[in-house]
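# Descriptive structure summary
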Protein chains: 2
Amino acid sequence: MLVKSKIKYIQSLGQKKFRDEAGVFIAEGPKIVQELLKADPSTVKEVYGVKEWINENKKLLGQTGNVEISETDLEKISHLKTPNKVLAVVNQFSGGVIDAKDRITLALCDIQDPGNLGTIIRIADWFGVGQVICSEDSADVYNPKVIQSTMGSIARVKVFYTDIKKWLSDQRGTNIYATVLDGEDITQMKKIKQGIILIGNESKGISPEILQLANDRVTIPNKGKAESLNAAVATGIVLSHLT
Amino acid sequence: MLVKSKIKYIQSLGQKKFRDEAGVFIAEGPKIVQELLKADPSTVKEVYGVKEWINENKKLLGQTGNVEISETDLEKISHLKTPNKVLAVVNQFSGGVIDAKDRITLALCDIQDPGNLGTIIRIADWFGVGQVICSEDSADVYNPKVIQSTMGSIARVKVFYTDIKKWLSDQRGTNIYATVLDGEDITQMKKIKQGIILIGNESKGISPEILQLANDRVTIPNKGKAESLNAAVATGIVLSHLT
């Protein structure tokens, strides 16, 4: 059985303030926990699983601290509507932003919806983009909803928060592509091996002061009447044409 | 002020059973209601708006029945966390499935998540695809969450439910493209002017018995380690390469 203080501690990690103080986040469900353990077991601090899951994953768990808990205790600490066998407390990423040279980087300007941010991280992982830079006003990557919608890709994609205007200004020599509504037809562009791809806020797009730092403006041609595409869908389409 | 029976009636439309009995659905917020009125005012049965919204939209409302209500009443009938000025009761689509010849049709096999279904309808609208066919086990298009995530595209895209296996079998002569994990590279394919594009369930993909009806299997090349893409993102990528 879990002691009350432990339950309270894990519950508190639903809030950004407590997550950041402890330098950890929560990941739930067999898929995400397994991906995190496979990618780098040293990042996984504690695993709380039901008997069946712990027994099936002894090998993968290795040296990682793990506690067998009841379904009832899992319900108490879970942030999911339907708790799913296992919950892990994981260390937040350490290390700073990597230089944008010689790779493709996604730069997100104020993505607000946790589901969109998680889905974008999953898309980055699909297209082999290992680094996502978020403006300081973006949704928190450690929000449980973001972590869940990455479907495990959070284990492989590094996500950093920074003053995006300042960061972009420091990346001279690397092409910056802005996804806008009135740019070059993305389906006609050549594939790239390096560059920064800017994705804007769900309703406001990319702010003018960030936009002026871009070298190329790209657009997904609109053949119908919808005014815009979902930010994650647009990211997927742009990456599939450019990479 | 709205009478109690009216409030109860509108609240009941959150449930499929009552929506289908009445042959209507609910759309909320200025954007979606405006798009529906612009596309075909005859489909909009009743509009409930706050004073400010009704006054600003007198012209657009024209002959459409409308009732000015208080914020308090709007809160009572709204299905949104933050009610947004106006709610409309709209007639469900009438008319049957159109033939797949000479156009592009999206066919969805058991898409379960309402947000995904709504986003796919928005994507169809962006790419000028006017018709979406859903298997009978797909999410209900008239679910308020689906309607909201179409962002108004529900006004322009026709969505039908049918026995998809039977329907596909009747479409001889039209190419059927299945989106799978081991098909032809979508980025290398020629654009098409007609055809049916199959999108599978979020976790199970397309069932074998439907898959055998496809002429072409297409895939979005995976350059990283994610196991799959979100169904809506995959739809957007496939349409951007094929259309």
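Here, the structure is the one placed above.
Since the model is a prediction, treat every value here as computed from it, not as a measurement. (Residues numbered from 1 in each chain as written. Chains lettered and ligands numbered in written order. Predicted model: local features only at pLDDT ≥ 70, side-chain atom pairs only at ≥ 80, totals over all residues. Heavy atoms only, no water.)

In this assembly, 31 residues from chain A lie in contact with 31 residues from chain B. Broken down residue by residue, the surface that chain A buries against chain B is led by Arg122, Trp126 and Lys223 of chain A, which jointly contribute 27%. Applying the counting rule to chain A against chain B returns two salt bridges. The residue Lys31 of chain B makes a salt bridge to Glu227 of chain A at a minimum N-O spacing of 3.2 Å. Linking chain A to chain B there are 20 residue pairs in polar contact (both at pLDDT 80 or more). Of all the secondary structure elements, the ones that give two or more residues to the side of chain A that touches chain B are helix 3 (30-39), helix 7 (114-126) and helix 11 (231-242) of chain A. In terms of residue count, helix 11 of chain A provides more of the side of chain A that touches chain B than any other element does, six residues in total. Class assignment for the residues of the side of chain A that touches chain B results in eleven nonpolar, twelve polar and eight charged. (Contact = heavy atoms within 4.5 Å. Buried area = accessible area lost by both parts, 1.4 Å probe. Salt bridge = Lys/Arg side-chain N within 4 Å of Asp/Glu carboxyl O. Polar contact = N/O pair within 3.5 Å; in protein donor to acceptor, adjacent residues only side chain to side chain. Helix = DSSP H or I, 4+ residues; strand = E, 2+ residues; numbered from the N terminus. Nonpolar A, V, L, I, M, F, W, Y, C, P; charged D, E, K, R; others polar.)

With that out of the way, let us pick up the relation of the copies chain A and chain B. Between the two copies, chain A and chain B, the superposition gives an RMSD of 0.0 Å; the rotation angle is 180 degrees and the shift along the axis is 0.0 Å. Given the turn and translation reported, the copies of this chain are related as if by a two-fold rotation axis. Most of the interface of chain A is mirrored in chain B, where 100% of its interface residues are also at the interface. (Least-squares fit on C-alpha atoms with pLDDT ≥ 70 in both.)

In this fold, Ile123 of chain A is placed in helix 7. Overall, Ile123 of chain A belongs to the buried group, its relative accessible area being 1%. Along the sequence, Ile123 of chain A and Gly65 of chain A sit 58 residues apart, while their C-alpha atoms lie 31 Å from each other. When near neighbours in sequence (up to four residues on either side) are disregarded, Ile123 of chain A contacts Ala232, Thr235, Gly236 and Leu239 of chain A together with Leu229 and Val233 of chain B. (Buried < 20%, exposed > 50% of the residue type's maximum accessible area, 1.4 Å probe, protein only.)

Before going further, it helps to spend a moment on the packing of helix 7 (residues 114-126) of chain B against helix 11 (residues 231-242) of chain B. Residue and element names in this part refer to chain B. Taken N-terminus to C-terminus, the directions of helix 7 and helix 11 make an angle of 15 degrees; their axes are 9 Å apart at the nearest point. Considering the angle they form, helix 7 stands roughly parallel to helix 11. For helix 7 against helix 11, the interelement crossing comes out right-handed. Counted together, Asn116, Thr119, Ile120, Ile123 and Ala124 of helix 7 and Ala231, Ala232, Thr235, Gly236 and Leu239 of helix 11 form the full contact between these two elements. By residue class, the composition of the contact of helix 7 with helix 11 is six nonpolar, four polar and no charged. (Axes fitted to C-alpha atoms, helices over the stretch in contact; angles between N-to-C directions. Parallel < 35°, antiparallel > 145°, perpendicular 65-115°, else oblique. Left-handed = near helix turned anticlockwise from the far one by under 90°.)

Residue and element names in this part refer to chain A. The mixed open sheet is built from four strands, whose spatial order is 1-4-2-3. Edge positions in the sheet fall to strand 1 (24-28) and strand 3 (66-68), since each has one partner strand and no second. The sheet shows a mean angle of 15 degrees between the axes of neighbouring strands, direction not considered. Examined bridge by bridge, strand 2 (residues 44-49) and strand 3 share three bridges and lie parallel to one another. Bridge pairing links Tyr48 to Val67 in strand 3. Lying on the sheet, helix 1 (residues 4-12) is in contact with strand 1, strand 2 and strand 4 (86-91); it crosses strand 2 at an angle near 115 degrees. Each of strand 1, strand 2 and strand 4 touches helix 3; the most contacted strand, strand 1, lies at about 125 degrees to it. (Pairing = 2+ DSSP bridges.)

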